[in-house]
Amino acid sequence: MNEVKERIIKGWIVYKSDLLKSPDKYRDKNIICFEFGEEYLNTLNMFSGEIDFTKPFEVILHPWPEEITGRAKRFFFTLRDRICKASGDESKEYKEHIYQTCIESLLLRHGDGFKNSISQLNKQELWQATEIMLQWCFEADAYIGDLQTEYYTVKVMVGK
């Protein structure tokens, strides 16, 4: 398996309006631009409420996994962890209970036989299990606002 390298970039936000007002001020600066689609604005606004953009902060970049299934599995387990955090029980046993209950619930709904691990699920089943976990997040009032971008990416690549 390829080793994932972490790249840390330290900087600050330069707003588009400032850049357009005085482009000469930034002529000799290195600038990275992030373009955000309309579907990400709510997540960006939540993020910006938590970060003081007037001070330097770190952006850590990781390459996307080569295969979407790995990414989808990490998303699934992130949802599970958010449910556990919202419930106040982040023990290993409770996390395993939530995980196994989800897999069992999926199989009971679809009658696809005995599977006890996410690695035994095909892509469609993995997406269905993720949808169950997502519903449980809503029911548990788990904070998942920052996961909206990942949800849409995984849905497009795995869910459909």
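Residues numbered from 1 in each chain as written. Predicted model: local features only at pLDDT ≥ 70, side-chain atom pairs only at ≥ 80, totals over all residues. Heavy atoms only, no water.

J.: Sorry if this is basic, but what is going on with the confidence of the model for the protein chain here?
T.: Any region with low pLDDT has predicted coordinates that should not be read closely. In this model, the protein chain carries a mean pLDDT of 80, and residues with pLDDT of at least 70 account for 72%. Across the protein chain, element-level confidence peaks in helix α5 (residues 123-139) with a mean pLDDT of 91 and bottoms out in strand β2 (residues 57-61) with 68. (pLDDT = per-residue confidence, 0-100. Helix = DSSP H or I, 4+ residues; strand = E, 2+ residues; numbered from the N terminus.)

J.: Sorry if this is basic, but what is going on with the side chain of Ser-117 here?
T.: Relative to the helices and strands, Ser-117 is located in the loop between α4 (92-110) and α5. Of the polar contacts made by the side chain of Ser-117, one reaches the side chain of Ser-119; its length is 2.8 Å. (Polar contact = N/O pair within 3.5 Å; in protein donor to acceptor, adjacent residues only side chain to side chain.)

J.: Would you take a moment to explain the nonpolar core for this structure?
T.: One broad rule of soluble globular proteins: the nonpolar side chains tend to lie buried together. Formed by 27 residues in total, the largest nonpolar core has its most connected members in Phe-76, Leu-79, Cys-102, Met-133 and Trp-136. Mapped by element, the contributors of at least two residues to this core are α3 (68-87), α4, α5 and α6 (148-159). Element by element, the count of residues in this core is highest for α5, at eight residues. Dropping the residues within four chain positions of it, Cys-102 is found in contact with Phe-76, Ala-129, Ile-132, Met-133 and Trp-136. (Core = buried A, V, L, I, M, F, W, Y, C linked by side-chain atoms within 4.5 Å. Buried < 20%, exposed > 50% of the residue type's maximum accessible area, 1.4 Å probe, protein only. Contact = heavy atoms within 4.5 Å.)

J.: Explain a nonpolar patch on the surface here, please?
T.: Side chains of Ile-9, Ile-32 and Phe-34 sit close together on the surface and give an oily, nonpolar patch of about 280 Å² of accessible area. Along the polypeptide, Ile-32 turns up in the loop between α1 (16-21) and α2 (41-50). (Patch = residues over 30% accessible without salt bridge, like charges linked within 9 Å, V, L, I, M, F, W, Y side chains within 5 Å. Areas by Shrake-Rupley, 256 points an atom, 1.4 Å probe, with all protein chains shown as cover. Salt bridge = Lys/Arg side-chain N within 4 Å of Asp/Glu carboxyl O.)

J.: Would you explain unusual backbone geometry in this entry?
T.: Glycine aside, negative phi is the norm for most residues, and most peptide bonds take the trans geometry. In this structure, Asp-141 is a non-glycine residue whose phi angle is positive, near 55°. In this structure, Asp-141 sits in the loop between α5 and α6. Judged by its relative accessible area of 70%, Asp-141 is exposed.

J.: Whenever I open this one, the packing of aromatic side chains confuses me. Can you help?
T.: Any pair of aromatic rings gets described here by the distance separating the centres and the angle formed by the planes. Summed over all chains, the structure comprises three aromatic pairs. Here Phe-76 and Tyr-99 contribute two aromatic rings whose centre-to-centre distance is 6.1 Å and whose plane-to-plane angle is 75°, an arrangement assigned as edge-to-face. Remark: Tyr-99 occurs in helix α4 and Phe-76 occurs in helix α3; sequence separation between them is 23 residues. Relative to Tyr-99, the ring of Phe-77 has its centre 5.3 Å away and its plane inclined at 45°; by these criteria the two rings are tilted. In this pair, Phe-77 is assigned in helix α3 and Tyr-99 in helix α4, connecting sequence segments 22 residues apart. For Tyr-99, a relative accessible area of 8% corresponds to the buried category. (Phe/Tyr/Trp six-rings, centres within 6.5 Å; stacked < 30°, edge-to-face > 60°.)

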